[in-house]
Amino acid sequence: SQKIEQNSEALNIQEGKTATLTCNYTNYSPAYLQWYRQDPGRGPVFLLLIRENEKEKRKERLKVTFDTTLKQSLFHITASQPADSATYLCALDHNAGNMLTFGGGTRLMVKP
Amino acid sequence: KAGVTQTPRYLIKTRGQQVTLSCSPISGHRSVSWYQQTPGQGLQFLFEYFSETQRNKGNFPGRFSGRQFSNSRSEMNVSTLELGDSALYLCASSKDGYTNTEAFFGQGTRLTVV
């Protein structure tokens, strides 16, 4: 079955540094991969979508890469701020409607 | 424009009871998906409705069901509640339900089964 894994341990970094989160998947070749941010007690908020033929995508301080050979996506936040502290989720898009398979999420803590 | 609205926000039920949760998608969105989120299993897909039809279904028992109305509002029902059904239930809407579109999530309904 499809499996999508994110580092379950929290990532602690200093303000101003670049945070890098990893998403690995197996037994699937998604055409798209999405990243979401979730704050405690709230629903996930969409951040970025990357297609299999896109190696990299950027939005302001965010950057996502997609390596279909390694079956891995990396999510980067440059010049991180305490307000970036949240749980970040990657999700496989099944190319079959509004149905996503989510990883377990990585909690990011940015310290001032 | 208004976001995805889920009601109620919090709910406490007793084992064996049934519960109905409601989701109003963003105006103009025709696809509604439901997810269950627990600390142990994370976010898991329950089902998706598009134009009043169930289009996709996750790996949950038949006690979990849903429906969508002509105005795209959706409800999900859980019958014969078990303690393990305690979770945050999230609804997500998207414009046309095709791939390559972002999902907009509501704030969720926190269900506690005692």
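Throughout this document, residue positions are counted from 1 along each chain, in the order its sequence is written. Think of it this way: whatever chain is written first is A, whatever ligand is written first is 1, and the rest follow in order. Since the coordinates come from a predicted model, pLDDT governs what is reported: local features require at least 70, and pairs of side-chain atoms require 80 or more to be given and counted, while whole-chain, interface and lining totals use all residues. Excluding hydrogens and water, the side-chain values take into account all heavy atoms of the structure.

*Asks:* Before we move on, can you summarise the environment of Ile4(A) with the specific residues and values?
*Replies:* Residues and elements named next belong to chain A. Each helix corresponds to a stretch of at least 4 residues labelled H or I by DSSP, and each strand to a stretch of at least 2 residues labelled E; elements are numbered beginning at the N terminus. Its place among the elements puts Ile4 in strand β1 (residues 3–6). For the exposure calls, accessible area comes from a 1.4 Å probe over protein chains only, and a residue counts as buried if that area is under 20% of its type's maximum, exposed if over 50%, partly exposed in between. You can call Ile4 buried: its relative accessible area is 11%. Through-space distance from the C-alpha of Ile4 to that of Gln72 is 9.4 Å; in sequence the pair is 68 residues apart. Contacts between residues were defined by any pair of non-hydrogen atoms, one from each residue, lying within 4.5 Å. Aside from chain neighbours lying at most four places away, what touches Ile4 is Cys23, Asn24, Tyr25, Cys90, Ala91, Leu92, Thr101, Phe102 and Gly103.

*Asks:* So what's going on with the pairing of strand β8 (residues 74–78) of chain B? Residues and values would help.
*Replies:* Residues and elements named next belong to chain B. Most of β8 is tucked away: five of the five residues are buried. Along β8, one buried face is formed by Ser74, Met76 and Val78 and the opposite face, lined by Glu75 and Asn77, is buried too. Pairing between two strands requires that DSSP report at least two bridges joining them. In terms of strand pairing, strand β3 (residues 19–24) meets β8 through five bridges, oriented antiparallel. Bridge assignment links Thr20 to a residue of β8, and that residue is Asn77. In this sheet, β8 lies alongside strand β7 (residues 64–68) in antiparallel orientation, the contact comprising five bridges. In the sheet register, Ser65 faces β8, and the bridge partner there is Asn77.

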